[in-house]
Amino acid sequence: MTRHEDVPVGIDPSVPSVARMYDYYLGGKDNFASDREAAEQFIRVMPGIREMARDNRAFLSRVVELLARQGVRQFLDIGSGLPTRDNVHQVAHRVAPESRVVYVDNDPIVLTHGRALLEDNPFTSVVQADMREPEELLAHPQIEGVIDFTRPVAVLMISMLHFIPDDALVTRIMSAIRERLVPGGHLVVTHAFAGEVSAEVHEAGQKVYRSTSAGALTSRGPEQLTELMSGMGMDLLEPGVVPVEAWRPEYDEDVTVDFTRPGILGVVGRL
């Protein structure tokens, strides 16, 4: 994106967006100069971030396909980001075309692109809401009009909770979701993890994300994520909390789990 006259109302193209930076990491074109500049700054700090983003996306596809094959027919993707290849509805519909998918985001550009992509899809919709207000989000009429919370739902929070530094708010968000799930429901989370990077590298990465619309990037480790999920009374699907590339990799690849390295952790909880 280059022409500011194409910018939706409420968007300041001079402020980097984490959704558009993620799009840039994945090789997308739906980003502004400010997003590219911030993303390149972070790439210099964390050279493997492009691969991490691709691994994160591949994890999402594997999980959605697995859950669809196990009979889940409703997916709520909170903080969906900009459309790319193998979006949730595309993966789910390859298994079960009747699957219902709702994408949720608070970025007007995400909403514009998502609605254009899905305008002719009766089983998929895009809703504007903010995960920081989980009760209002889950009660949104456009969500409740599509998702039947008396039946199993897979709630996806892919690379979202690390933008909330307040642990109490993270717990509130997850608790609100847990309260709406019935047996057979799932909560899927991926989360940034700093590993054992130096204090200098950690601060350099923080500095980049403090300049974005999110305002923060918080690392949480496997123990914290395990405690959060288990505290909600959820059973963790094997192999539990691991780097996303090690969560049931394709073709049974032998992926070494190394919690000293920075990366993105993934976990799937089931009621």
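These figures come from a predicted structure and were not determined experimentally. (Residues numbered from 1 in each chain as written. Predicted model: local features only at pLDDT ≥ 70, side-chain atom pairs only at ≥ 80, totals over all residues. Heavy atoms only, no water.)

### Let's talk about the nonpolar core
Reasoning step 1: Residues Tyr-25, Phe-75 and Tyr-209 are the most contacted members of the largest nonpolar core, which totals 44 residues.
Reasoning step 2: With nine residues, helix H3 (residues 49-69) is the largest single contributor of residues to this core.
Reasoning step 3: Once residues lying within four places of it in the same chain are set aside, the contact partners of Phe-75 are Val-64, Leu-67, Ala-68, Val-88, Ala-92, Ser-99, Arg-100, Val-101, Val-102, Ile-147 and Ala-154.
Reasoning step 4: Of all hydrophobic cores here, the second largest spans 37 residues; its members include Met-131, Val-153, Val-170 and Leu-265. (Core = buried A, V, L, I, M, F, W, Y, C linked by side-chain atoms within 4.5 Å. Buried < 20%, exposed > 50% of the residue type's maximum accessible area, 1.4 Å probe, protein only. Helix = DSSP H or I, 4+ residues; strand = E, 2+ residues; numbered from the N terminus. Contact = heavy atoms within 4.5 Å.)

### Regarding the layout of surface pockets
Reasoning step 1: Considered as a void within the structure, the second largest pocket measures approximately 340 Å³ in volume.
Reasoning step 2: For the lining of the second largest pocket, the secondary structure elements donating two or more residues are H3 and strand E8 (263-270). (1 Å grid on protein atoms, 1.4 Å probe; cavity = no way out; pocket = protein on both sides within 12 Å on 5 of 7 lines; lining within 4 Å. Points joined across faces, edges and corners; volume = space filled by probe spheres on them.)

### Some words on empty space enclosed by the protein
Reasoning step 1: For the structure shown, the criterion picks out three cavities of 30 Å³ or more.
Reasoning step 2: Roughly 110 Å³ of internal volume is contained in the largest cavity.
Reasoning step 3: What lines the largest cavity is a set of 15 residues, among which Ser-80, Gly-81, Pro-83, Asn-87 and Tyr-103 lie closest to the centre.
Reasoning step 4: Ranked by the residues each element gives to the lining of the largest cavity, the list is headed by helix H5 (residues 108-118), at four residues.
Reasoning step 5: Grouping the amino acids of the lining of the largest cavity by side-chain chemistry returns nine nonpolar, four polar and two charged.
Reasoning step 6: Of the pockets and cavities examined, the second largest cavity occupies roughly 60 Å³.
Reasoning step 7: As for the second largest cavity, its lining consists of Ala-19, Tyr-22, Asp-23, Leu-26, Arg-57, Ser-80, Gly-81, Leu-82 and Thr-84.
Reasoning step 8: If one sorts the elements of the lining of the second largest cavity by residue count, helix H1 (residues 18-25) sits on top with three residues.
Reasoning step 9: In terms of residue class, the lining of the second largest cavity is made up of four nonpolar, three polar and two charged. (Nonpolar A, V, L, I, M, F, W, Y, C, P; charged D, E, K, R; others polar.)

### Brief notes about the packing of H1 against helix H2 (residues 33-45)
The relative placement of two packed helices is expressed as an angle between their axes plus a distance between the axes.
Reasoning step 1: It is at 9 Å that the axes of H1 and H2 come closest, and there the two elements cross at 65°. Regarding H1 and H2, the two cross each other, and that crossing is right-handed. Counted together, Arg-20, Met-21, Tyr-24 and Tyr-25 of H1 and Asp-35, Arg-36, Ala-38, Ala-39, Glu-40, Phe-42 and Ile-43 of H2 form the full contact between these two elements. (Axes fitted to C-alpha atoms, helices over the stretch in contact; angles between N-to-C directions. Left-handed = near helix turned anticlockwise from the far one by under 90°.)

### Quick look at the packing of H2 against helix H9 (residues 199-210)
Reasoning step 1: With their axes 9 Å apart at the nearest point, H2 and H9 run at an angle of 170° to one another. Comparing their axes, H9 and H2 come out roughly antiparallel. Here Ala-38, Gln-41, Phe-42 and Val-45 of H2 come into contact with H9, specifically with Val-201, Ala-204, Gly-205, Val-208 and Tyr-209. (Parallel < 35°, antiparallel > 145°, perpendicular 65-115°, else oblique.)

### So, unusual backbone geometry
Reasoning step 1: That bond from Glu-238 to Pro-239 is cis: its omega, 10°, falls within 30 degrees of zero.
Reasoning step 2: Relative to the helices and strands, Pro-239 is located in the loop between strand E6 (235-236) and strand E7 (242-243).
Reasoning step 3: A positive phi is found at Ser-159, a non-glycine position, where the angle reads about 55°.
Reasoning step 4: Position of Ser-159 among the secondary structure elements: in the loop between strand E4 (154-158) and helix H8 (167-180).

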